[in-house]
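# Fold and geometry: a report
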Amino acid sequence: MSHTLPALPYAYNALEPHIDALTMEIHHSKHHQAYVNNLNAALAGTGLESTPLEDVLATILSPTSPVPAEKRNAVRNNGGGHWNHSLFWEIIAPAAAPTAPSPALLAKINEQFGSFADFQAQWKAASLGIFGSGWAWLVVQNDGSLTISTTPNQDNPIMYGVTKQKPILAVDYWEHAYYIKHKNLRADYIDASWNFINWDVVSQRYANAIAP
Ligand code: MN3
């Protein structure tokens, strides 16, 4: 079965004013759809069409990847694009329904970063440090600690050896994610992001990641 574009659980204008409706529509129906289409084209005939995408991405950077060598860049870029955006749509929420980190996640953030404000400052510094297009991540490590990381292009922590439940927060810092509203001002988009992160989902992903 080929990969498909997931439907959004909210309207394109639901993220206003933090993400504008036109950006959401183009981002979902054009950019994400293109990653899905290109991924399906790259996987066609490989026998990997029905393999869970996480499994394909987990080994895509390895010489032993089952993806044919000439298809690996396309699968890396478009498979990453499909996986990353599918997560991104889940961890953002309508502005009308603000959420907050669970007590357990907030306690961990405070323990690890000093305070929520310190976490936000470190996240912002990391996000501003991405040269060109990429993503910022909050990842639960095997020992339960939280780390902020960034990846270029459509790479993600799964490709770098982190299993699928462990990235709990992801924000897209490609200019297509914010340029219409925020122009070149990535810092403004970062500041706005605190108003659209769905902490209910992030907190649930944290709980799943640390569950024995
Ligand atoms: Mn994007």
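It should be emphasised that the depicted structure is a prediction, and the values quoted were computed from it without experimental measurement.

This paragraph deals with the side chain of Asn78. With respect to the helices and strands, the residue Asn78 is situated in helix α3 (residues 72-90). Contact partners of Asn78, with chain neighbours within four places excluded, come to Ala34, Tyr35, Asn38 and Leu39.

Bringing the packing of helix α4 (residues 103-113) against helix α5 (residues 116-128) into the picture now. Their axes nearest at 8 Å, the elements α4 and α5 cross at an angle of 70°. For the element pair α4 / α5, the angle class is roughly perpendicular. In this structure, α4 meets α5 at a crossing whose hand is left-handed. The residues of α5 that touch α4, namely those facing Leu106, Ile109, Asn110 and Phe113, are Phe116, Asp118, Phe119 and Gln122. When the residues that make up the contact of α4 with α5 are grouped by side-chain class, the tally is five nonpolar, two polar and one charged.

For the rest of this paragraph, the subject is the packing of helix α1 (residues 21-43) against α3. Between α1 and α3, the least distance of the axes is 8 Å, while the angle of their chain directions is 140°. Here α1 is positioned oblique relative to α3, judged by the angle of their axes. In this structure, α1 crosses over α3, and the sense of that crossing is left-handed. Contact residues: α1 offers Met24, His27, His28, His32, Ala34, Tyr35, Val36, Asn38, Leu39, Ala42 and Leu43, while α3 offers Ala74, Val75, Asn77, Asn78, Gly79, Gly81, His82, His85, Ser86, Phe88 and Trp89. When grouped by side-chain class, the residues that make up the contact of α1 with α3 number eleven nonpolar, eleven polar and no charged.

For the rest of this paragraph, the subject is the pairing of strand β3 (residues 167-172). Counting buried positions over the six residues of β3 gives six, a clear majority of the element. For strand β1 (residues 134-140) and β3, the ladder comprises five bridges, and the chain directions are antiparallel. The residue bridging Val139 from the neighbouring strand is Pro167, located in β3.

Bringing the packing of aromatic side chains into the picture now. Counted by the stated rule, this structure contains 14 aromatic pairs. Ring centres of Phe88 and Trp89 lie 5.6 Å apart, and the angle between their planes is 50°; this geometry places the pair in the tilted category. Comparing Phe88 with Trp89, the two get one shared label, buried. Where Phe116 meets Trp199, the ring centres are 5.7 Å apart and the plane angle is 70°; that geometry is what we call edge-to-face. Placement of the pair is Phe116 in helix α5 and Trp199 in helix α8 (residues 199-210), with a sequence separation of 83 residues. Three or more aromatic residues link up through ring pairs in this structure, and these residues are Phe113, Phe116, Phe119, Trp123, Trp194 and Trp199.

Among the nonpolar cores identified, the biggest contains 56 residues, and Phe88, Ile92, Phe119, Trp123, Leu146 and Leu169 are the most heavily contacted of them. Looking at this core element by element, the count peaks at six residues for β1. Counting residues domain by domain, this core receives three or more from each of domain 1 (21-90) and domain 2 (103-210). Leave out the neighbours within four places in its chain, and Phe88 touches His27, Trp135, Ala170, Val171, Asp172, Tyr189 and Phe196.

Attention shifts here to the pairing of strand β2 (residues 146-152). Judged from the seven bridges that link them, β1 and β2 form a sheet pairing that is antiparallel. In the sheet register, Val139 faces β2, and the bridge partner there is Thr147. Following β1, the chain reverses through five residues before pairing antiparallel with β2; Gly144 in that reversal takes a positive phi of roughly 90°.

What follows deals with the domain arrangement of the chain. The domain architecture assigned to the chain consists of domain 1 (21-90) and domain 2 (103-210). Between domain 1 and domain 2, the contact holds 21 residues from the first and 23 residues from the second. Taken together, both faces of the contact between domain 1 and domain 2 bury some 1900 Å²; the carbon and sulfur share is 64%. Between Asp155 and Arg76 there is a salt bridge; the shortest N-O distance is 2.8 Å. Counting across the interface, domain 1 meets domain 2 through nine residue pairs in polar contact (both at pLDDT 80 or more). Those elements that provide at least two residues to the side of domain 1 that touches domain 2 are α1, α2 (53-58) and α3.

Criteria and cut-off values
In this convention, every chain numbers its residues from 1, walking through the sequence in written order. Restriction of local features to residues with pLDDT of at least 70 applies here, the model being predicted, together with a cutoff of 80 or more for giving and counting side-chain atom pairs; totals for whole chains, interfaces and linings are based on all residues. In computing side-chain properties, one takes all heavy atoms of the structure into account and sets aside hydrogens as well as water. In this description a helix means any DSSP run of H or I spanning at least four residues, a strand means any run of E spanning at least two, and both kinds are numbered starting from the N terminus. Every residue pair with non-hydrogen atoms within 4.5 Å of one another is taken to be in contact. Axis definition: a line fitted to C-alpha atoms, over the contacting stretch in the case of helices. Angles run 0 to 180 degrees between N-to-C directions. Between 65 and 115 degrees an angle is taken as roughly perpendicular, under 35 as roughly parallel, over 145 as roughly antiparallel, and anywhere else as oblique. Handedness of a helix crossing follows the sense of rotation of the near helix relative to the far helix, less than a right angle counterclockwise being left-handed and clockwise being right-handed. Under this grouping Gly is polar, as are all residues other than the nonpolar Ala, Val, Leu, Ile, Met, Phe, Trp, Tyr, Cys and Pro and the charged Asp, Glu, Lys and Arg. Burial status follows relative accessibility: with a 1.4 Å probe on protein chains alone, a residue under 20% of its type maximum counts as buried, one over 50% as exposed, and anything between as partly exposed. A strand pair is defined by DSSP finding two or more bridges across the two strands. Here a pair means two rings of Phe, Tyr or Trp (six-membered ring of Trp) with centres within 6.5 Å. Their orientation is stacked below 30 degrees between planes, edge-to-face above 60, and tilted elsewhere. As used here, the term nonpolar core means buried Ala, Val, Leu, Ile, Met, Phe, Trp, Tyr and Cys residues forming a set that is joined through side-chain atoms within 4.5 Å. Residue ranges labeled as domains rest on an automatic or database domain assignment. Simply put, the buried area is the total loss of 1.4 Å probe accessible area from both parts when two parts are fitted together. Between Lys or Arg on one side and Asp or Glu on the other, a salt bridge is scored when a side-chain nitrogen of the former is within 4 Å of a carboxyl oxygen of the latter. Counting of polar contacts relies on pairs of N or O atoms within 3.5 Å, with two restrictions inside protein: one atom must be capable of donating a hydrogen and the other of accepting it, and residues adjacent in sequence are counted only when both atoms are side-chain atoms.

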